[in-house]
Amino acid sequence: METPAHYGVVLVTTANKQEAETMANALVEAKLAACVSLLPIRSIYAWQGEIYKEYEWQLLIKTDLAIFPALEAKIRELHSYEVSEIIALPIVAGSPAYLQWISEQIKPDSVVW
């Protein structure tokens, strides 16, 4: 089995579906993500001394964590939040065929391999 140490899922929340879809398309087109799944969620969080309860969209970004700096930069460029959630979680095990597919999709021009 291929070691999945450098593969991961990056979590990002956005304010609305349009922003989520725009970001997902841009990340896949730039080959910074193999796939982005979008989920509607309800978030409860503290911000500037207030408690908020908001509907948001969760992006589950499947990628190679070796390119995380480029991925993060692109997300920040597109994101509307002042402080955006950008959290990388490593994949500790996975289907070799799926991990290979991720590897084949991640080929951003802006990253030197």
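As recorded in an unreviewed UniProt entry, the chain goes by the name Divalent-cation tolerance protein CutA, listed as coming from Chrysosporum bergii ANA360D. Entered under Sequence similarities (unreviewed entry) in the UniProt record, the comment concerning the chain runs "Belongs to the CutA family."

Enquirer: What is the right way to read the layout of surface pockets from this model?
Expert: Remark: the empty space left among the atoms is shown by a probe the size of a water molecule rolled over them. Within this model, the largest pocket holds a volume of roughly 290 Å³. Together, T13, A15, Y45, A46, W47, E54, Y55, E56, Y81, E82, V83 and E85 line the largest pocket. Elements supplying a minimum of two residues to the lining of the largest pocket: β2 (35-47) and β3 (50-64). For the lining of the largest pocket, a count of residues per class yields seven nonpolar, one polar and four charged.

Enquirer: Explain the packing of aromatic side chains here, please?
Expert: Aromatic ring pairs are defined here through the distance separating the ring centres and the angle between the ring planes. Inspection of every chain in the model, using the stated rule, returns two aromatic pairs. Taking the ring centre of Y55 as reference, the NZ or CZ of R42 above it sits at 4.5 Å.

Enquirer: Hey, could you run me through the sheet that holds strand β1 (residues 7-14) in this one?
Expert: The strands making up a sheet are joined through hydrogen bonds of the backbone, oriented either antiparallel or parallel. Spatially, β2-β3-β1-β4 is the arrangement adopted by the four strands of the open sheet, whose pairing is antiparallel. The strands lining the two open edges of the sheet, one partner per strand, are β2 and β4 (87-90). Averaged over all pairs of adjacent strands, the angle between strand axes in this sheet comes to 30°, irrespective of strand direction. Relative to β3, β2 runs antiparallel, the two sharing 13 bridges. In the strand pairing of β3, L38 is matched with L59. Against the sheet, helix α2 (residues 68-78) makes contact with β1, β3 and β4, and its axis sits at roughly 140° relative to β3, the strand it touches most. Where helix α3 (residues 96-105) meets the sheet, its contacts fall on β1, β2 and β3, and the angle it forms with β3 comes to roughly 90°.

Enquirer: What is the right way to look at the pairing of β1 in this model?
Expert: In regular strands, side chains alternate between the two faces of the sheet. Burial within β1 is extensive, with seven of its eight residues counted as buried. Bridge count between β1 and β3: eight bridges; the pairing is antiparallel. Across the sheet, residue G8 finds its bridge partner in β3, namely T63. As paired strands, β1 and β4 are joined by four bridges and run antiparallel to one another. Following the sheet pairing, G8 is matched in β4 by P90.

Procedures and definitions
Residues numbered from 1 in each chain as written. Predicted model: local features only at pLDDT ≥ 70, side-chain atom pairs only at ≥ 80, totals over all residues. Heavy atoms only, no water. UniProt positions renumbered as here; feature names shortened; annotations may be inferred. 1 Å grid on protein atoms, 1.4 Å probe; cavity = no way out; pocket = protein on both sides within 12 Å on 5 of 7 lines; lining within 4 Å. Points joined across faces, edges and corners; volume = space filled by probe spheres on them. Helix = DSSP H or I, 4+ residues; strand = E, 2+ residues; numbered from the N terminus. Nonpolar A, V, L, I, M, F, W, Y, C, P; charged D, E, K, R; others polar. Phe/Tyr/Trp six-rings, centres within 6.5 Å; stacked < 30°, edge-to-face > 60°. Lys NZ or Arg CZ within 6 Å of the ring centre and 35° of its normal. Pairing = 2+ DSSP bridges. Axes fitted to C-alpha atoms, helices over the stretch in contact; angles between N-to-C directions. Contact = heavy atoms within 4.5 Å. Buried < 20%, exposed > 50% of the residue type's maximum accessible area, 1.4 Å probe, protein only.

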